[in-house]
Every structure is written in structure tokens, then in C-alpha cells.
Amino acid sequence: MEIKQKKLWFSLILLSVITTTALGEFGGPLLKGFYKESCPLAEEIVKHNVEVAVLKDPRMAASLLRLQFHDCFVLGCDASVLLDTHGDMVSEKQATPNVNSLRGFEVIDYIKYLLEDACPLTVSCSDILTMAARDSVFLRGGPWWEVLLGRRDSLKASFAGANQFIPAPNSSLDSLIVNFKQQGLNVQDLIALSGAHTIGKARCVSFKQRIVQPNMEQTFYVDEFKRQSTFRRVLRSQCKDSSRDNELSPLDIKTPAYFDNHYFINLLEGKGLLISDNVLVTEDHEGEIFRKVWEYAVDQDIFFMDFVESMLKMGSINVLTGVEGEIRENCRFVNV
């Protein structure tokens, strides 16, 4: 077991080095150790405060990870999702995929406050999101990786973009593939990043269609004991009417508190919570995605390696660097 772990960490380090040299084609000169001189304790401050936040509220790990997804899929990884409505600019927080759904803004605010005290106008809000997402994964038992930093913050938000580009929980497989392709991400990125649903919870309103639609799942396991129908009955009883739309259910029913590969095992058993989870196996007519889901379900190390690679790739979408954008003093507003 020890040898296997060492091999995994060596592979992750090697992967990080390879990806660092290739990132130029995805969005700019992001670097390891970007704040080593200008703010040496930046990563430690983020890590410590994410850890405190997750200890207080274990669900916060998934919320902080989700914040980076919702940021990067709109305009790029530029912290536009953190901006509040101001003047003519409507906040992305008010868009349908985000309103009453995204969480963790106060955690980011507090980290930014501490970093401004330690190193004024130095660490960008978009880099804070990137570090917080990595630390959240690691704190829940997932892989650790060296983040690439040097992003700057946008001067605008896109309410329309948030409504257009963030995948819906009832998305078809084809629409998910197109959506990820628009961000420069491929099918393997889609599968690996979907594995983030191994932690976190979703509201009934997000998966109601999943429990009322005909049971068409094609699963690898013979459902001898009617586990799928039992699973759906439990969900149906929890979300039986619109008064329970905000009731929460874990995205991974087996190990909801741990970042592991059980999400993929759930998919093979027809127990993915969201329609957009289950389509990875039910609408994959070529079998390519199914084979990758099966590979991740069998070997957690492979999932972790691919997840890290896809997170690094996603984290470099349309980044602002150099003199582009700004370093916000307050993540909720552009500088005066």
C-alpha cells in the first residue's frame, strides 16, 4: 500500500510539472510559488482558514470547490462570481444556477481580509478560489496538488453568461459535452470533474425530475434486490411535494463526507443523484465514457490523477494575468 501511495504522489508531482509547462495554450503564465516573495504565507493562510470553515461546516468543502467551477465556466477563472450587483452590473450570484445555491462567499471574504492585512493588494480573489478549492478536496481525503497561481480579478460579471454556460442538473450527455467543449475541456475532463460530486449535497428541486422519470437506467450490476427502485423511493419520500424543494440529499449516498471514487460506483449501480450524473452511463451509446467510469470505480488512484489534471486545466480557462484586470481589495466589488 505504501509503495502504491508513493507511486501516486510521484505521478501527481510529475503531472504538475508537465502541466505547468503546457499551460500557455490555455490562458497564460500561471506559476508555482507565485507569492513566494510577495506574500510568503498566502497559501498557509488560505489552507488554515478553509480547514477552520470545513470543521465548522463539513459541507463547506463541496461549496468552496463548487465556487471555482461556477467561476471558471463564466468568463474564465477571474473571480467574477464573487462580485455583488453594483450600478448597471448584475451579479452572477443572481443567475438561476447560483441564486440560493452557491455558498462560501463569507469564507472567501474573511480569507481576503486576512490576506489584505498581511499583503495589501497582492493576492487575487481568483487565486484564493483556486487555493480554497484544492484545500477543500484535500481536507475531505482527496488528492493534493501544487496549484498554479498568478491570476488577476475581472472588472465585470456576466449574469447572462452564468445562465448560459453553467451546466444544469438535468442536462443531457450531448449538452454536457458541448458545454465543456466551449470551455476548452474534453470528454475525459467532463468525467473526471463530475467526480467532484463525491462530496456535497443537492436540493430536491435539482433532482426531482430524476425521481419521477421512468426508470430507464442501464447499470452494470444486476439489480437483484431492487436497489435502484428502493433508492428512488427514498428520494421520492424526501421530495414528495414542492414544500420540500430545499431539502438536501447527499450527492454520494455511500461516503458523502469523503472525496473518493464512490461516485463512480454509484453511477454503475444507477444511484447517481442528478440526471446529469446518470447520463454519463445511460446516454453513452459508444461505451467510451462507460469504460472510463468503470476504470475510476475500480481504481481510485487513476481517478485522483485525472481529476488533478482536469482541475489544473480548468483553473487556467481565460485567466487574466500581467496587467490585465486588477487585484481587488474587496472580492465583492471592483476597486474604486
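Just so you know, these numbers come straight off a predicted model, no measurement behind them.

Focus on the layout of surface pockets
Estimates place the volume of the largest pocket at around 1,000 Å³. Around the largest pocket sit 43 residues that line it, and Arg-66, His-70, Pro-167, His-197 and Leu-274 are the ones nearest its centre. Counting residues per element, the ones that place at least two in the lining of the largest pocket are helix H3 (60–72), helix H7 (173–182), helix H8 (187–194), strand E1 (201–203), helix H9 (204–212) and helix H12 (275–282).

Let's talk about the pattern of salt bridges
This structure, assessed with the given rule, holds 13 salt bridges. Each of Asp-84, Lys-93, Asp-109 and Arg-332 takes part in a single network of salt bridges with overlapping partners.

A look at the side chain of Ser-171
Residue position: Ser-171 is located in the loop between helix H6 (159–165) and H7. Polar side-chain contacts of Ser-171 include one of 2.7 Å to the backbone oxygen of Ala-168.

Considerations on the packing of H3 against helix H5 (residues 125–139)
Closest axis-to-axis distance for the H3/H5 pair is 8 Å, and the angle between their directions is 140 degrees. Compared by their axis directions, H3 and H5 come out oblique. Seen along the crossing, H3 lies across H5 with a hand that is left-handed. For the pair H3 and H5, the contacting residues are Ala-61, Leu-64, Leu-65, Leu-67, Gln-68 and Asp-71 in the first and Leu-129, Thr-130, Ala-132, Ala-133, Ser-136 and Val-137 in the second.

Quick notes on the environment of Asp-301
Relative to the elements of secondary structure, Asp-301 occurs in helix H14 (residues 300–314). Asp-301 sits in the buried class, given a relative accessible area of 18%. Residues Asp-301 and Asp-260, 41 residues apart in the sequence, show an inter-C-alpha distance of 9.4 Å.

Quick look at H3
Look at H3: 19 Å from first C-alpha to last across 13 residues, which is about the 18 Å you get at 1.5 Å a residue. With 12 of its 13 residues buried, H3 lies for the most part within the structure. When H3 is considered as a whole, its buried residues turn out to be Met-60, Ala-61, Ala-62, Ser-63, Leu-64, Leu-65, Leu-67, Gln-68, Phe-69, His-70, Asp-71 and Cys-72. Buried residues belonging to H3 abut helix H2 (42–56), helix H4 (105–118), H5, H8 and H14.

A word on the packing of aromatic side chains
The relation between two aromatic rings is expressed through the spacing of the ring centres and the mutual angle of the planes. Applying the stated rule across the entire model yields 13 aromatic pairs. What links up through ring pairs into an aromatic cluster is the set Trp-145, Phe-259, Tyr-263, Phe-264, Tyr-296, Phe-303, Phe-304 and Phe-307. Lying over the aromatic face of Phe-105, Lys-93 brings its terminal NZ or CZ to 4.4 Å of the ring centre.

Description of the confidence of the model for the chain
Per-residue confidence for the chain gives a mean pLDDT of 87; residues scoring 70 or more make up 86%. Every residue in residues 12–27 is under pLDDT 50, and counting partners more than four places away or in other chains gives 26 contacts. Below pLDDT 50 for its whole length, residues 215–227 participates in 26 contacts with residues either more than four positions away or in separate chains.

Focus on the state of the cysteines
One pass over the full model with this rule turns up 4 disulfides. Paired by a disulfide, Cys-72 and Cys-77 hold their sulfur atoms 2.0 Å apart. Taking the sign of the torsion about the S-S bond as the criterion, the disulfide between Cys-72 and Cys-77, at about 120 degrees, is right-handed. Each member of the pair, Cys-72 as well as Cys-77, carries the same accessibility label: buried. Sequence-ordered numbering of the disulfide-bonded cysteines in the chain gives the connectivity 1-4, 2-3, 5-8, 6-7.

Some remarks on empty space enclosed by the protein
Where empty space is left in the structure can be found by rolling a water-sized probe over the atoms. Summed over all chains, the structure comprises 2 cavities of 30 Å³ or more. Empty space within the largest cavity amounts to approximately 60 Å³. Surrounding the largest cavity, Gln-68, Thr-130, Trp-145, Val-147, Leu-148, Arg-151, Met-311, Leu-312 and Gly-315 form its lining. Classifying every residue of the lining of the largest cavity by side-chain character gives 5 nonpolar, 3 polar and 1 charged.

Here's the deal with the environment of Gly-325
Turning to its location among the elements, Gly-325 is positioned in the segment after H14. By relative accessible area, which is 29% here, Gly-325 ends up partly exposed. For the pair Gly-325 and Asp-78, spaced 247 residues apart in the sequence, the C-alpha separation amounts to 8.6 Å. Setting aside chain neighbours within four positions, we find Gly-325 in contact with Arg-152, Asp-153, Leu-155 and Leu-320.

What counts and what doesn't
- Per chain, residues are indexed from 1 in the order of the written sequence.
- Where totals are concerned, whole chains, interfaces and linings use all residues; where local detail is concerned, this predicted model gives features only for residues with pLDDT of at least 70, and gives and counts side-chain atom pairs only at 80 or more.
- Computation of side-chain values: all heavy atoms of the structure, hydrogens and water removed.
- Residues are called lining when one of their atoms sits within 4 Å of a cavity or pocket point, these points coming from a 1 Å grid over the protein atoms alone, where a cavity is a set in which a 1.4 Å probe fits but cannot get out and a pocket is an open set with protein on both sides within 12 Å along at least five of seven lines.
- Grid points are joined across faces, edges and corners, and a volume is the space filled by probe spheres set on the points.
- Note on conventions: DSSP H or I runs of at least 4 residues are helices, E runs of at least 2 residues are strands, and numbering of each starts at the N terminus.
- Whenever Lys or Arg places a side-chain nitrogen within 4 Å of a carboxyl oxygen from Asp or Glu, that contact is recorded as a salt bridge.
- Any pair of nitrogen or oxygen atoms within 3.5 Å is treated as a polar contact; in protein, a donor-acceptor pairing is required on top of that, and neighbouring residues in sequence qualify only through side-chain atoms on both sides.
- Here an angle of 0 to 180 degrees is reported between the N-to-C directions of two axes, which are lines fitted to C-alpha atoms, with helices fitted over the stretch in contact.
- An angle below 35 degrees is treated as roughly parallel, one above 145 as roughly antiparallel, one from 65 to 115 as roughly perpendicular, and anything else as oblique.
- Handedness of each helix crossing follows the sense of rotation of the near helix against the far helix: counterclockwise by less than a right angle gives left-handed, clockwise gives right-handed.
- When checking whether two residues touch, look at their non-hydrogen atoms; a contact exists if any pair is within 4.5 Å.
- To sort residues, take the accessible area from a 1.4 Å probe on protein chains only and compare it with the maximum for the residue type: under 20% means buried, over 50% means exposed, and anything in between is partly exposed.
- Any helix carries an expected span of 1.5 Å times its number of residues minus one.
- Centres within 6.5 Å are what make two rings of Phe, Tyr or Trp a pair, Trp counting through its six-membered ring; a difference in plane orientation under 30 degrees is then read as stacked, over 60 as edge-to-face, and the rest as tilted.
- Whether a charge sits over a ring comes down to the Lys NZ or Arg CZ being within 6 Å of the ring centre and within 35 degrees of the ring normal.
- For every residue, the pLDDT score states the predictor's confidence, bounded by 0 at the bottom and 100 at the top.
- Pairs of cysteine sulfur atoms within 2.5 Å are identified as disulfides in what follows.
- In this classification, Asp, Glu, Lys and Arg are treated as charged, Ala, Val, Leu, Ile, Met, Phe, Trp, Tyr, Cys and Pro as nonpolar, and every other residue, Gly included, as polar.

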